[in-house]
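Chain by chain, the residues:
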Amino acid sequence: SSGINAEYGVSCEIKKWGTTGVTNEQGMCVLAPNVVNSYFFLLFWFVLIAGLLVNVFSVLFVTSRHLFTLGGWAALTSRTSLKPTPYQRFIYFESGSSGRIILEKIAANIPHRTFNQLFAKTATIIERQEASNASIYRNT
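Residues numbered from 1 in each chain as written. Predicted model: local features only at pLDDT ≥ 70, side-chain atom pairs only at ≥ 80, totals over all residues. Heavy atoms only, no water.

Draft legend 1. Summary view of the overall build of the protein chain. Assigned secondary structure in the protein chain consists of five helices and three strands. Starting at the N terminus and ending at the C terminus, the protein chain contains elements arranged as β-β-β-α-α-α-α-α. Burial status across the protein chain gives 17% buried among its 140 residues. Carbon and sulfur atoms make up 67% of the accessible area of the protein chain, which totals about 10,800 Å². (Helix = DSSP H or I, 4+ residues; strand = E, 2+ residues; numbered from the N terminus. Buried < 20%, exposed > 50% of the residue type's maximum accessible area, 1.4 Å probe, protein only. Areas by Shrake-Rupley, 256 points an atom, 1.4 Å probe, with all protein chains shown as cover.)

Draft legend 2. Highlighting the packing of aromatic side chains. Counted according to the given criterion, the structure contains five aromatic pairs. Measuring from ring centre to ring centre gives 5.6 Å for Phe115 and Phe119, while their planes differ by 25 degrees; the resulting arrangement is stacked. With Phe115 and Phe119 both in helix H5 (residues 112–139) and four residues apart, this pair spans about one turn of that helix. In this structure, Phe115 and Phe119 share a single accessibility class: buried. Here the aromatic cluster, defined as three or more aromatic residues joined through ring pairs, consists of Trp73, Tyr92 and Phe93. (Phe/Tyr/Trp six-rings, centres within 6.5 Å; stacked < 30°, edge-to-face > 60°.)

Draft legend 3. Structural view of the packing of helix H2 (residues 69–80) against helix H4 (residues 96–109). Running from N to C, H2 and H4 cross one another at 20 degrees; their axes reach a closest spacing of 11 Å. Classed by the angle they form, the pair H2 and H4 counts as roughly parallel. Crossing geometry of H2 relative to H4 is assigned as left-handed. Contact with H2, carried on its side by Thr69, Gly72, Leu76, Arg79 and Thr80, involves Arg100, Leu103, Glu104, Ala107 and Ala108 of H4 and no other residues of that element. The residue makeup of the contact of H2 with H4, split by class, is four nonpolar, three polar and three charged. (Axes fitted to C-alpha atoms, helices over the stretch in contact; angles between N-to-C directions. Parallel < 35°, antiparallel > 145°, perpendicular 65-115°, else oblique. Left-handed = near helix turned anticlockwise from the far one by under 90°. Contact = heavy atoms within 4.5 Å. Nonpolar A, V, L, I, M, F, W, Y, C, P; charged D, E, K, R; others polar.)

Draft legend 4. Highlighting the side chain of Gln88. One can find Gln88 in helix H3 (residues 86–94). Other than its neighbours up to four places away in sequence, Gln88 contacts Trp73, Leu82, Lys83, Asn116, Phe119, Ala120 and Ala123.

Draft legend 5. Expanded view of the packing of H3 against H4. The contact between H3 and H4 brings their axes to 7 Å, and the two run at 120 degrees. In this view, H3 runs oblique relative to H4, as classed from their interaxial angle. Every residue of H4 that contacts H3 at Tyr92, Phe93 and Glu94 is listed here: Gly96, Arg100, Leu103 and Glu104. The class makeup of the residues in the contact of H3 with H4 is three nonpolar, one polar and three charged.

Draft legend 6. Quick peek at the nonpolar core. Membership of the largest hydrophobic core is limited to eleven residues, which are Trp73, Leu76, Leu82, Tyr87, Ile91, Tyr92, Leu103, Ala107, Phe115, Phe119 and Ala123. Every element with two or more residues in this core is listed here: H2, H3, H4 and H5. Excluding its chain neighbours within four sequence positions, the residues that come into contact with Leu76 are Tyr92, Leu103, Glu104, Ala107 and Phe115. (Core = buried A, V, L, I, M, F, W, Y, C linked by side-chain atoms within 4.5 Å.)

Draft legend 7. Inspection of H4 at higher detail. For H4, built from 14 residues, the straight-helix expectation of 20 Å at 1.5 Å per residue is met to within 8% by its first-to-last C-alpha distance of 20 Å. Among the residues of H4, those classed as buried are Gly99, Arg100, Leu103, Glu104 and Ala107. The buried residues of H4 occupy an angular sector of 135 degrees when the element is viewed end-on, so they sit on one face. Facing away from the buried side of H4 by over 90 degrees, the exposed positions are Ile102, Lys105, Ala108 and Asn109. (Expected span 1.5 Å × (residues − 1). Arc of directions from axis to C-beta.)

Okay, here's the thing in structure tokens:
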């Protein structure tokens with residue numbers, strides 16, 4: 001029989017037979033909840049492992065996409081229908097991984113025509129500035 005015990009919460013009466021006869025002992029009933037909990041923990045472990053694998057593959061994919069700049073450049077030009085100038089290509093390859101990430105995020109979030117105009121204007125401004133800096137250094 002089961003009952004409520006103030007010390008344990010749920011208690012079970014256990015009958016033991018021995019040389020002195022039958023004795024009743026009070027114990028804690030934990031077997032049924034533990035069986036159910038074990039299935040929940042098993043399910044949670046599978047979900048945890050699946051989530052971990054998905055995250056690892058996602059990190060590897062994004063990292064490889066940003067580290068391999070030639071593939072990123074091809075994806076950017078094809079996605080935006082960009083007709084790049086040599087200086088735009090130079091900017092993309094020299095901007096570092098964080099600069100490439102910013103360019104890709106801008107290209108993904110604004111209209112392609114606007115991105116093409118923005119990138120062309122930015123490249124022109126930077127190209128002029130580089131040219132003026134080069135002429136200053138030549139004259140000194």
